[in-house]
Amino acid sequence: MKTASTFNDALVRVKSLAELANINPEIIEGLLHPKEIMMVSLPVRMDDGSQQYFSGYRCRYNSILGPTKGGVRFHPNVNEDEVKALALWMTIKCAVVGLPFGGAKGGITVNPKALSPMELERLSRVYIRVLADFIGPHRDIPAPDVYTNSRIMGWMMAEYDAIKRTHAPDVITGKPIELGGSLGRDDATGRGAYLCTLELINKMGWNLTELSVAVQGFGNGGYHVARLLQQAGCKIVAISDSQGGIYSEDGFDIESLWQGKQQSKQVKGVYCHGSVCEIVKHERISNEELLTLDVDILIPAALEGVITKNNANKVRAKAIIEIANGPILSEADDIINNKGIKVVPDVLANAGGVTVSYFEWVQNRSGQAWTIEKVHTQLKERMTAAFEKVWDLAEKEQRTLRESAYVQALRRISSAVEAHGTRDYFNHN
Ligand code: NAD
């Protein structure tokens with residue numbers, strides 16, 4: 001259950017945490033207003049010959065730290081309010097991990113599963129056709145998000161190149177490797193969250209091999225974090241997708257579940273070892289039930305607004321790693337904190353994706369292709385350093401990890417704004 005306005009909810013956090021960080025009110029005010037938002041109608045010729053119109057959005061929220069960066073979501077619930085909230089979170093996230101980017105987000109209101117591959121290609125290309133002057137390698141750089149992938153990024157880049165009569169791989173990230181994508185971008189979001197989880201486990205003095213994990217959303221982010229945590233020794237006892245979830249006390253083999261999902265398009269407790277397929281004893285559970293399981297670590301990796309004041313009290317996990325953007329509404333923050341649940345916030349936990357997108361952009365601009373080892377090493381360095389800074393400030397100032405992450409990001413943004421001068425400067429000259 002979401003509140004009426006995801007954007008208002010995002011603003012509530014920014015306002016209260018900016019005050020906590022002692023940010024100049026003029027700068028806070030600036031952060032409440034998105035820089036630019038485009039709303040567009042996208043005509044698509046369907047396979048049956050008819051013409052359908054889809055609504056598209058792109059918001060460049062704030063560009064004080066650099067060109068804006070953010071994914072493109074294809075989902076039936078995409079709307080202006082959600083896109084603005086996601087763009088604001090991107091602004092904070094890029095600042096938390098110290099990237100030279102501002103925040104943006106885009107999306108199309110569509111059920112992509114109802115389109116044929118050719119319709120999907122036409123829709124992706126028309127989105128870029130109408131936004132070609134709004135985006136650009138120095139201006140705004142899209143990437144994948146929910147229900148978009150590397151193939152779609154490739155179509156989008158090709159359309160941009162055709163319109164601008166250029167070759168600009170740095171206009172979009174998350175592309176196929178063959179088209180200038182970076183090694184390691186596919187699992188970057190899950191890997192970043194995995195690295196944060198390891199850091200947290202270490203700080204808390206927990207034993208990795210004794211931990212149970214539940215993951216909501218078995219897509220790009222959810223699959224990879226579950227895979228990496230299982231490889232490291234955790235037990236993944238619950239997984240879900242939009243169709244519902246499965247639970248097994250003994251834990252699942254994630255790779256086999258993933259193969260099964262690719263074939264059946266939904267998670268099922270059926271998996272194979274070698275040539276022997278077996279049915280794992282499991283229960284079917286709802287997405288709502290997954291959130292309240294008695295597990296050590298809960299990883300919401302689907303959509304925003306799933307933990308509200310109505311179900312926060314029932315959450316039993318010791319820690320929550322937010323891969324989804326905004327899975328916990330601000331109204332539930334106090335309830336979750338008072339229960340002593342450690343939350344690694346979205347603006348840190350899912351920043352691995354934009355970090356490797358930044359690596360991709362750097363490689364495209366310098367004509368290089370990094371090895372997977374270099375990508376992994378650099379990602380680890382950045383994620384670990386960001387986590388450490390957030391953790392240390394939280395300890396020093398007795399804050400939650402979310403408060404600490406926002407305080408750091410807002411201070412970084414604030415210093416950049418101050419460099420241009422605010423009222424205090426102009427009044428004294
Ligand atoms: P994806 O499209 O690859 O996967 C989404 C998954 O969520 C799918 O398994 C889908 O079935 C499931 N899902 C959809 N609706 C659901 C529902 N109501 N309940 C439970 N599951 C549901 O998307 P993704 O890229 O993994 O993104 C997931 C979340 O992570 C989003 O909030 C996104 O903004 C965030 N995120 C993604 C990236 C990235 O690089 N992909 C980066 C940062 C944040």
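Worth saying up front: this structure is predicted, and the values here are computed from it rather than measured.

### Structural notes on the environment of Pro 169
Position of Pro 169 relative to the elements: it lies in the loop between helix H5 (150–164) and helix H6 (188–204). Residue Pro 169 is classed as buried on the basis of its relative accessible area, which comes to 13%. Contact partners of Pro 169, with chain neighbours within four places excluded, come to Met 157, Lys 175, Leu 179 and Asn 364.

### As for the site of the ligand
Near the ligand there are 23 residues, and of these Asp 145, Tyr 147, Thr 189, Ala 302 and Asn 325 occur at the shortest range. In this structure, an oxygen atom belonging to the ligand sits 2.8 Å away from a side-chain N or O atom of Asp 145. Compared with its free state, where it exposes 830 Å², the ligand has 88% of that area covered by protein. Inspection of the shell around the ligand shows a minimum of three residues originating in each of domain 1 (34–169) and domain 2 (188–349).

### Structural notes on the pattern of salt bridges
Opposite charge on two side chains permits them to pair, given that their charged atoms come into close proximity. According to the stated counting rule, one finds 26 salt bridges in the structure shown. Salt-bridge contacts for Glu 121 lead to Arg 125; the nearest nitrogen and oxygen are separated by 2.8 Å. In this pair, Glu 121 and Arg 125 are both assigned in helix H4 (residues 117–131), 4 residues apart and thus about one turn of the helix distant. Put simply, Glu 397 and Arg 399 hold a salt bridge, and the shortest N to O gap is 2.2 Å. Beyond isolated ion pairs, a larger network of salt bridges with shared partners links Arg 13, Glu 322, Asp 333, Asp 346 and Arg 402.

### Section: the sheet that holds strand S6 (residues 212–216)
Reading across the sheet, the 7 strands line up as S11-S8-S7-S6-S12-S13-S14 and stay open at both edges, with mixed pairing between neighbours. Sheet topology places strand S11 (283–285) and strand S14 (342–344) at the edges, where each strand pairs with a single neighbour. Going across the sheet, the axis of each strand differs from the next one's by a mean of 20°, ignoring polarity. By the bridge criterion, 3 bridges tie strand S8 (residues 244–247) to S11 in an arrangement that is antiparallel. Bridge pairing in S11 places Tyr 247 opposite Glu 283.

### Section: the packing of helix H1 (residues 6–20) against helix H14 (residues 401–420)
Running from N to C, H1 and H14 point in directions that differ by 75°, and their axes come no closer than 9 Å. Of the possible angle classes, the one that applies to H1 and H14 is roughly perpendicular. Contacts between H1 and H14 involve Arg 13, Val 14, Leu 17, Ala 18 and Leu 20 from the first element and Arg 402, Glu 403, Tyr 406, Val 407 and Leu 410 from the second. Each residue belonging to the contact of H1 with H14 can be placed in one class, and the counts come to 7 nonpolar, no polar and 3 charged.

### What about unusual backbone geometry?
Positive phi is not limited to glycine here, since Arg 165 has a value of about 50°. Using a relative accessible area of 77% as the deciding quantity, one classes Arg 165 as exposed. Non-glycine residue Gln 398 carries a positive phi angle of around 55°. In this structure, Gln 398 sits in the loop between helix H13 (372–397) and H14.

### A closer look at the domain arrangement of the protein
On domain assignment, one finds that the protein holds domain 1 (34–169) and domain 2 (188–349). Spacing between the C-alpha centres of domain 1 and domain 2 amounts to 28 Å. Taken together, the contact between domain 1 and domain 2 spans 13 residues of the former and 10 residues of the latter. Both faces considered, domain 1 and domain 2 share a buried interface measuring about 860 Å² in area, 56% of it formed by carbon and sulfur atoms. When residues of domain 1 are sorted by the area they lose upon contact with domain 2, Trp 89, Lys 93 and Val 96 head the list and together hold 46% of the total. At the boundary of domain 1 and domain 2, one finds 1 salt bridge. A salt bridge links Arg 73 to Glu 304, with the shortest nitrogen-to-oxygen separation between them at 3.1 Å. Taken together, the connections running from domain 1 to domain 2 amount to 3 residue pairs in polar contact (both at pLDDT 80 or more). Contributing elements (two or more residues each) for the side of domain 1 that touches domain 2: strand S3 (68–75) and helix H3 (80–96). The biggest single contributor to the side of domain 1 that touches domain 2 is H3, with 6 residues.

Parameters at a glance
Residues numbered from 1 in each chain as written. Predicted model: local features only at pLDDT ≥ 70, side-chain atom pairs only at ≥ 80, totals over all residues. Heavy atoms only, no water. Helix = DSSP H or I, 4+ residues; strand = E, 2+ residues; numbered from the N terminus. Buried < 20%, exposed > 50% of the residue type's maximum accessible area, 1.4 Å probe, protein only. Contact = heavy atoms within 4.5 Å. Near = heavy atom within 4 Å. Polar contact = N/O pair within 3.5 Å; in protein donor to acceptor, adjacent residues only side chain to side chain. Areas by Shrake-Rupley, 256 points an atom, 1.4 Å probe, with all protein chains shown as cover. Domains from an automatic or database assignment. Salt bridge = Lys/Arg side-chain N within 4 Å of Asp/Glu carboxyl O. Pairing = 2+ DSSP bridges. Axes fitted to C-alpha atoms, helices over the stretch in contact; angles between N-to-C directions. Parallel < 35°, antiparallel > 145°, perpendicular 65-115°, else oblique. Nonpolar A, V, L, I, M, F, W, Y, C, P; charged D, E, K, R; others polar. Buried area = accessible area lost by both parts, 1.4 Å probe.

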